[in-house]
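# Per-entry structural report
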Amino acid sequence: MAWLQVQFSTDSEQQQALEDALFTAGAVSVTYADAADQAILEPGLHETPLWDALLLTALFDADSDSQLLLDAAEQAYGQPLPRYELELLQDRDWEREWMDDFEPIQFGDKLWICPSWHQPVDANAVNIRLDPGLAFGTGTHPTTAMCLRALNGLDVQHRSLLDVGCGSGVLAIAGLLLGADTAVGTDIDPQAITASRENAERNGIEPARFALYLAGEEPIEQRYDIVIANILAGPLVEMAAQLSARLKPGGILLLSGLLSEQQGEILDAYTEIAFEHFYHEAQWLCLQGVKISK
């Protein structure tokens, strides 16, 4: 069916009041988008951060009287509405268009992420079957992409791997498909554990090779050849001693989820790691290092 779309330019302070007013006026959905290319890091559990400048889009039934609904929204809002644009959206196959936005993505010379509705571009490559979902990590974000490219360049054959903040499980699954023997994934969000388990199954990973735990429940005495943490700078600094302790001597540490200007505080915190590679993409940073102490 067709829809009447009204798109407002607003900010995070006015978002809730404007959203409430639009629903009062009969909106069937309200969505947000960034209006100023502002970076938002992966949120913590139960957090829903918003951009400062927003494009707020409301959909109404196509046969709605636009002036009447805008008058109703303004009355509920209690002040003049922000600047807006009206557009009639004709009926389209929205699911098909959404799927068309996600194409196979290559990371290095042998690793691809391929949505389930696409055939692999290179059938002989390592192809991770992964669809967009509830958990963070589909390869489209630079922090995940840099970790995948770093993994593509490592010799992971017969190694053990720990993925802290596993999200969708994509990094651990990539390591396993590239030849690691076993992996452990941890996350603070139960949805991430569910998503990781489902994605592992979709990629033919036996449960015995990929153990999943809510953060704090994993066996802390175990040491790994590779530890990956694609989270946030604050937790990475707080967990420096813990993550370093999870590595075997000579083991490889990959840290991401960082902005480039946060490099110094990470280097200061990880005194047992000799960082050898610094990957940058846009404002994002991924660090790769080796554990030098016992």
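Just above sits the structure.
In this report, we go over the structure that sits alongside the text. Remember, predicted model here, so these are calculated numbers, not experimental data. Residue positions within a chain follow its written sequence, with the count starting from 1. Given that the model is predicted, a residue must reach a pLDDT of at least 70 before its local features are reported, and side-chain atom pairs must reach 80 or more before they are shown or counted; all residues, however, enter totals for whole chains, interfaces and linings. Only hydrogens and water are set aside; all other atoms, that is, all heavy atoms of the structure, feed into the side-chain values.

### A short note on the sheet that holds strand S2 (residues 29-34)
The cut-off we apply is this: By this definition, two strands are paired if DSSP reports at least two bridges between them. Comment: elements are numbered from the N terminus, with helices defined as DSSP H or I runs of at least four residues and strands as E runs of at least two. Geometry is summarised by axes, namely lines fitted to C-alpha atoms with helices restricted to the contacting stretch, and by angles between N-to-C directions that run from 0 to 180 degrees. In what follows, residue pairs with any heavy atoms lying within 4.5 Å of each other are defined as contacts.
Pairing is antiparallel in the open sheet, where four strands are placed in the order S2-S3-S1-S4. In the strand order of this sheet, the two ends are held by S2 and strand S4 (84-89), each with one partner. Within this sheet the neighbouring strands show an average axis-to-axis angle of 25°, counted without direction. Alignment of S2 against strand S3 (residues 53-61), held across six bridges, turns out to be antiparallel. Within the sheet, the bridge partner assigned to Val 30 lies in S3 and is Ala 58. Its contacts with the sheet place helix H1 (residues 15-24) against strand S1 (3-11), S2 and S3, and it is angled at close to 5° to S3.

### Things to note about the nonpolar core
Note that soluble globular proteins tend to have their nonpolar side chains buried in a common cluster. This is how it is decided: In plain words, nonpolar cores are sets of buried Ala, Val, Leu, Ile, Met, Phe, Trp, Tyr and Cys residues tied together by side-chain atoms within 4.5 Å. Note on classification: 1.4 Å probe, protein chains only; a residue is buried when its accessible area is under 20% of the maximum for its type, exposed when over 50%, partly exposed between these limits.
Core analysis: the biggest nonpolar cluster contains 37 residues, and Leu 111, Ile 128, Leu 148, Leu 151, Phe 210 and Ile 228 have the highest contact counts within it. The residues touching Ile 128, leaving out its near neighbours within four places in the chain, are Leu 111, Trp 112, Ile 113, Cys 114, Val 170, Ile 173, Ala 174, Leu 177 and Asn 203. Counting residues in each nonpolar core, the second largest holds 22 residues, with Tyr 224, Ile 231, Ile 266 and Tyr 270 among its members.

### Some thoughts on the pattern of salt bridges
The condition is simple: Between Lys or Arg on one side and Asp or Glu on the other, a salt bridge is scored when a side-chain nitrogen of the former is within 4 Å of a carboxyl oxygen of the latter.
Counted under the stated rule, the structure contains four salt bridges. Note that Arg 209 is salt-bridged to Glu 206, the shortest N-O span being 3.6 Å. What makes Arg 209 partly exposed here is its relative accessible area of 23%. Glu 206 sits in the partly exposed class, given a relative accessible area of 42%. Put simply, Arg 246 and Glu 218 hold a salt bridge, and the shortest N to O gap is 3.6 Å. Here Glu 218 lies in the loop between strand S10 (210-214) and strand S11 (224-230) and Arg 246 lies in the loop between helix H8 (240-245) and strand S12 (247-259), a separation of 28 residues in the sequence.

### Section: unusual backbone geometry
With the exception of glycine, the majority of residues adopt a negative phi angle, and the majority of peptide bonds are in the trans configuration. Positive phi values are uncommon outside glycine, yet His 158 reaches one of about 65°. Relative to the assigned elements, His 158 resides in the loop between helix H4 (142-152) and strand S8 (160-164). Backbone geometry at Ala 282 places phi at a positive 55°, although glycine is not the residue there. Note that Ala 282 resides in the loop between strand S13 (273-281) and strand S14 (284-291). On the accessibility criterion, Ala 282 (68% relative accessible area) is exposed.

### As for the sheet that holds S10
Spatially, S10-S9-S8-S11-S12-S14-S13 is the arrangement adopted by the seven strands of the open sheet, whose pairing is mixed. Strand pairing shows two members of the sheet lacking a second neighbour, S10 and S13, which therefore form its edges. Pairwise comparison of adjacent strand axes, ignoring direction, gives a mean angle of 15° for this sheet. In terms of strand pairing, S12 meets S14 through six bridges, oriented antiparallel. Note that in S14 the partner of Ile 252 across the bridge is Val 290. Running at roughly 150° to S12, H4 makes contact with S8, S11, S12, S13 and S14 of the sheet. Where helix H6 (residues 190-202) meets the sheet, it contacts strand S9 (182-187) and S10, and its direction lies at approximately 170° from that of S10.

### Overview of the state of the cysteines
The condition is simple: Cysteine sulfurs are considered disulfide-paired once they come within 2.5 Å of each other.
One pass over the structure, following the stated rule, counts zero disulfides. Between Cys 147, a cysteine without a disulfide, and Cys 286, which holds the nearest cysteine sulfur, the sulfur-to-sulfur distance is 4.1 Å. By relative accessible area, which is 0% here, Cys 147 ends up buried.

### Structural notes on H4
Judged by how many residues are buried, H4 sits mostly within the fold: 10 of 11 residues are covered. For H4, the complete set of buried residues consists of Pro 142, Thr 143, Thr 144, Ala 145, Met 146, Cys 147, Leu 148, Ala 150, Leu 151 and Asn 152.

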